[in-house]
Amino acid sequence: MQDNKKGSRYTFDSFEITKENNKAFEKAKQFAENADSEPLAIFGVTATGKTHLLYAVKNAIEQNSSGLNVILTTTADMVSSLTSIINNGGTAEQFREKYLQADVLLVDDIQELAEKEKTQNELILLFNAFYESGKRFMMTSSLKEVHHGLKERLISRAFWGDHAEISKSYVQVKY
């Protein structure tokens, strides 16, 4: 997901604003425009536009601040990366260093870390490092409740900053 060319089509201009997602849209836009932004978490069920907003943030930052290193990734990619580094004799510190190279870290689908305690612990350390260094991070999740296998400490990192919920899908999902 990190350098997905099709992600370039997702911009703030192409996002369909509704009353259910307006707050998330505004907060994501503010996050993209303000270098001093606090962490941001966007919660919402499937097909609410969370990933679209992450790409829009990435595209806006890269367009307006080309000197910043922006990493957009999924938790699945992060789990794979951590596993690969450890399996090849590396350390968790090397995993964190990989992402700490970013000025802005955008993480999609944090709920996929449910029941993956070691990776959650690494993300907590990573988010702590981002927060302490004044770097920006944003995450999305389709789950807000901790009882779904996410550590309260991981979810609380989002609330150091700001959050928004999207209450209704705007994309028609076909099953």
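None of these values were measured; they are calculated from a predicted model.

**A word on helix H2 (residues 50-64)**
Here's step 1: When the terminal C-alpha atoms of H2 are compared, their 21 Å separation across 15 residues agrees well with the 21 Å that a helix rising 1.5 Å per residue should span.
Here's step 2: A large share of H2 lies buried, amounting to eleven of its 15 residues.
Here's step 3: Among the residues making up H2, those that are buried are Lys-50, His-52, Leu-53, Leu-54, Tyr-55, Ala-56, Val-57, Lys-58, Asn-59, Ala-60 and Ile-61.
Here's step 4: Residues of H2 that are buried in the fold lie against helix H1 (22-33), strand E1 (40-44), strand E2 (70-74), strand E3 (104-108), strand E4 (136-141) and strand E5 (162-166).

**Some thoughts on the pattern of salt bridges**
Here's step 1: On inspection of all chains with the given rule, the structure shows four salt bridges.
Here's step 2: The residue Asp-162 makes a salt bridge to Lys-27 at a minimum N-O spacing of 2.6 Å. In this pair, Asp-162 sits in strand E5 while Lys-27 sits in helix H1, placing the two residues 135 residues apart along the sequence.
Here's step 3: Judged by relative accessible area, Asp-162 falls into the partly exposed class, the value being 28%.
Here's step 4: Judged by its relative accessible area of 18%, Lys-27 falls in the buried class.
Here's step 5: Between Arg-96 and Glu-122 there is a salt bridge whose closest N-O contact spans 2.2 Å. One end of the pair, Arg-96, is in helix H4 (residues 92-100); the other, Glu-122, is in helix H5 (residues 117-133), with 26 residues separating them in the sequence.
Here's step 6: Look at Glu-122 and you get buried, because its relative accessible area is 13%.
Here's step 7: Salt bridges linked by common partners bring Glu-93, Arg-96 and Glu-122 together as one network.

**What about the pairing of E1?**
Here's step 1: Where burial is concerned, most of E1 is hidden: five out of the five residues are buried.
Here's step 2: In E1, alternate side chains face the same way, and those of Leu-40, Ile-42 and Gly-44 on one face and Ala-41 and Phe-43 on the other are all buried.
Here's step 3: One ladder, built from four bridges, connects E1 with E4; its direction is parallel. Among the inter-strand pairings, Phe-43 is bridged to a residue of E4, identified as Ser-141.
Here's step 4: As paired strands, E1 and E5 are joined by five bridges and run parallel to one another. Each residue of the ladder has a partner; that of Ile-42, found in E5, is Ala-164.

**Re the nonpolar core**
Here's step 1: Counting residues in each nonpolar core, the largest one holds 23 residues, and the members touching the most others are Phe-12, Ala-28, Ile-42, Leu-53, Val-57, Leu-106 and Met-138.
Here's step 2: Broken down by secondary-structure element, the contributors of at least two residues to this core are H1, E1, H2, E2, E3 and E5.
Here's step 3: With seven residues, H2 is the single largest residue contributor to this core.
Here's step 4: Ignoring any residue separated from it by four or fewer positions in sequence, one finds Ala-28 in contact with Phe-12, Leu-40, Ile-42, Leu-53, Val-57 and Met-138.
Here's step 5: Counting 21 residues, the second-largest nonpolar core is a separate cluster that includes Ile-71, Leu-100, Leu-123 and Met-139.

Parameters at a glance
Along each chain, residue indices are assigned from 1 in the same order as the chain's sequence is written. In view of the model being predicted, local features appear only for residues whose pLDDT reaches at least 70, and side-chain atom pairs are presented and counted only at 80 or more, with totals across whole chains, interfaces and linings using the full set of residues. Hydrogens and water molecules were not included; the side-chain quantities draw on all heavy atoms of the structure. Helix and strand definitions follow DSSP, with helices as H or I runs of at least four residues and strands as E runs of at least two, each counted in order from the N terminus. A helix is expected to reach a length of 1.5 Å times the quantity of its residues less one. Partly exposed describes any residue whose relative accessible area lies between the buried limit of under 20% and the exposed limit of over 50%, with all areas from a 1.4 Å probe on protein chains only and scaled to the type maximum. By definition in these notes, contact holds between two residues if any of their heavy atoms fall within 4.5 Å. What counts as a salt bridge is simple: a side-chain nitrogen of Lys or Arg found within 4 Å of a carboxyl oxygen of Asp or Glu. Strand pairing is defined by DSSP finding a minimum of two bridges between the two strands. As used in this record, nonpolar core signifies buried Ala, Val, Leu, Ile, Met, Phe, Trp, Tyr and Cys residues forming a set joined through side-chain atoms within 4.5 Å.

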